Amino acid sequence: MTKRIFDIFFSFIAILIFAIPMIVIAFVLKIIERHPVIFRQERIGFHRRKFNILKFQTMVDDKATKAGRILRKTGLDELPQFFNVLKGDMSIVGPRALTEYDIFRLNWDSEYYNSRWSIKPGITGLAQIYGGQHKKTSWFWDSKYIEVRRIPVDFSLVMISFMMNIFGKTRIRTMIWKNKGLK
C-alpha cells in the first residue's frame, strides 16, 4: 500500500467515524458559541509550498472558548485536516505543518532542516504524540519519523492518535511514558 492510498483510505474512514461528532462540533461553535466554525491558516508544506490548513475554531479574541478547551485537549479541533489530506496538501502522519513565523522563530530556514520539507506535513506524527513542544525535541522526533517512515509506523501512530482523541493527550502520553510528570 502506498502512503497516498493509506492517507486517502484513513481520511475517508476518519470522516465517516467522526461525521456526527463533526456536525455536533460545528453546531456548538456556530449556534451556541456564535463564531465561525472553521479556522484557516497559511502553513508551509511539502517542498515549502504554502497551503491553508483547516481546523475547528477554538479561540476567540486570543482566548480558548469553552468548547475550544475540550477540542484542543482531545485533538478534535484538527478533524477538518482530513480534508487537507484528501486535497493532497497533507498526509495523515508527518511533521507538524508550520507557519512561516514558526519556521523563523525556530530558526529552521537553513539547509540543515531541508529534510523536513521533503515529505508532506501530517495531522499526527512522532513529535505530536510524544509532546515535542521544544525546538530540539520536535526536530528530533520529526527527523526520526523521516528516517523510519513506513506504513506500519503510520498505522501505529494513527491508532495512538485515535486513543488520544478518545481519552485525551495527557492520559495517553502518561501511559506511553509511564511517568506522570511528562505531558
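Coordinates for the structure precede this section.
Only a predicted model underlies this, so the values are computations on that prediction, with no experimental measurement involved.

Draft legend 1. Region of interest: the overall build of the protein chain. Of regular secondary structure, the protein chain possesses nine helices and six strands. What you see for the protein chain is a C-alpha radius of gyration of 16 Å, in line with the 16 Å of a compact globule of 183 residues. The C-alpha extent of the protein chain, read off along each of the three principal axes, is 45 × 35 × 35 Å. Within the protein chain, the fraction of its 183 residues that count as buried is 45%. Looking at the protein chain alone, contacts between residues at least 24 apart form 68% of all its contacts between residues at least 6 apart. As presented, the protein chain carries roughly 10700 Å² of accessible surface, and 62% of it is formed by carbon and sulfur atoms.

Draft legend 2. The environment of arginine 43, seen in detail. By the secondary structure assignment, arginine 43 is in strand β1 (residues 38-44). Sequence separation between arginine 43 and tyrosine 101 is 58 residues; the distance between their C-alpha atoms is 9.4 Å. If near-sequence neighbours (up to four positions away) are discounted, arginine 43 is found in contact with Arg49, Lys50, Phe51, Ile53, Lys55, Ala97, Leu98 and Thr99. There is a polar contact of 2.5 Å between the side chain of arginine 43 and the backbone oxygen of alanine 97.

Draft legend 3. Here's a closer look at the pairing of β1. The sheet contact formed by β1 and strand β2 (residues 50-56) spans seven bridges and is antiparallel. Residue pairing in the sheet places glutamine 41 in a bridge with isoleucine 53 of β2. Hairpin geometry of β1 and β2 is characterised by an intervening segment of five residues between the two adjacent antiparallel strands and by a positive phi of about 55° at histidine 47.

Draft legend 4. Region of the structure containing the packing of helix α1 (residues 3-17) against helix α2 (residues 19-32). For the pair α1 and α2, interaxial distance at closest approach is 4 Å and the crossing angle is 60°. Between α1 and α2, the angle falls in the class oblique. On α2, the residues touching Ile15, Leu16 and Ile17 of α1 are Ala19, Pro21 and Met22. Of the residues contributing to the contact of α1 with α2, the split by class is six nonpolar, no polar and no charged.

Draft legend 5. The packing of aromatic side chains, seen in detail. A complete count under the given rule lists ten aromatic pairs for this structure. Note on phenylalanine 140 and tryptophan 141: the rings are 5.0 Å apart at their centroids and 75° apart in plane angle, and the pair reads as edge-to-face. Put simply, the rings of Phe6, Phe9, Phe10 and Phe155 pair up and form one aromatic cluster.

Draft legend 6. Highlighting the pattern of salt bridges. Scanning the model with the defined rule gives nine salt bridges in all. The partner of aspartate 142 in a salt bridge is arginine 116, and the shortest N-O contact between them spans 2.9 Å. Taken together, the residues aspartate 142 in helix α7 (residues 135-148) and arginine 116 in the loop between α5 (100-106) and β6 (122-124) connect sequence positions 26 residues apart. A single network of salt bridges, built from pairs that share partners, joins Glu42, Lys50 and Glu100.

Draft legend 7. View of the side chain of glutamine 81. Along the chain, glutamine 81 turns up in helix α4 (residues 81-87). Among all residues touching glutamine 81, those that are not within four sequence positions of it are Ile53, Leu54, Lys55, Met90 and Ile123.

Conventions and cut-offs
Residues numbered from 1 in each chain as written. Predicted model: local features only at pLDDT ≥ 70, side-chain atom pairs only at ≥ 80, totals over all residues. Heavy atoms only, no water. Helix = DSSP H or I, 4+ residues; strand = E, 2+ residues; numbered from the N terminus. Rg over C-alpha atoms; globule rule 2.2 N^0.38 Å. Buried < 20%, exposed > 50% of the residue type's maximum accessible area, 1.4 Å probe, protein only. Contact = heavy atoms within 4.5 Å. Areas by Shrake-Rupley, 256 points an atom, 1.4 Å probe, with all protein chains shown as cover. Polar contact = N/O pair within 3.5 Å; in protein donor to acceptor, adjacent residues only side chain to side chain. Pairing = 2+ DSSP bridges. Axes fitted to C-alpha atoms, helices over the stretch in contact; angles between N-to-C directions. Parallel < 35°, antiparallel > 145°, perpendicular 65-115°, else oblique. Nonpolar A, V, L, I, M, F, W, Y, C, P; charged D, E, K, R; others polar. Phe/Tyr/Trp six-rings, centres within 6.5 Å; stacked < 30°, edge-to-face > 60°. Salt bridge = Lys/Arg side-chain N within 4 Å of Asp/Glu carboxyl O.

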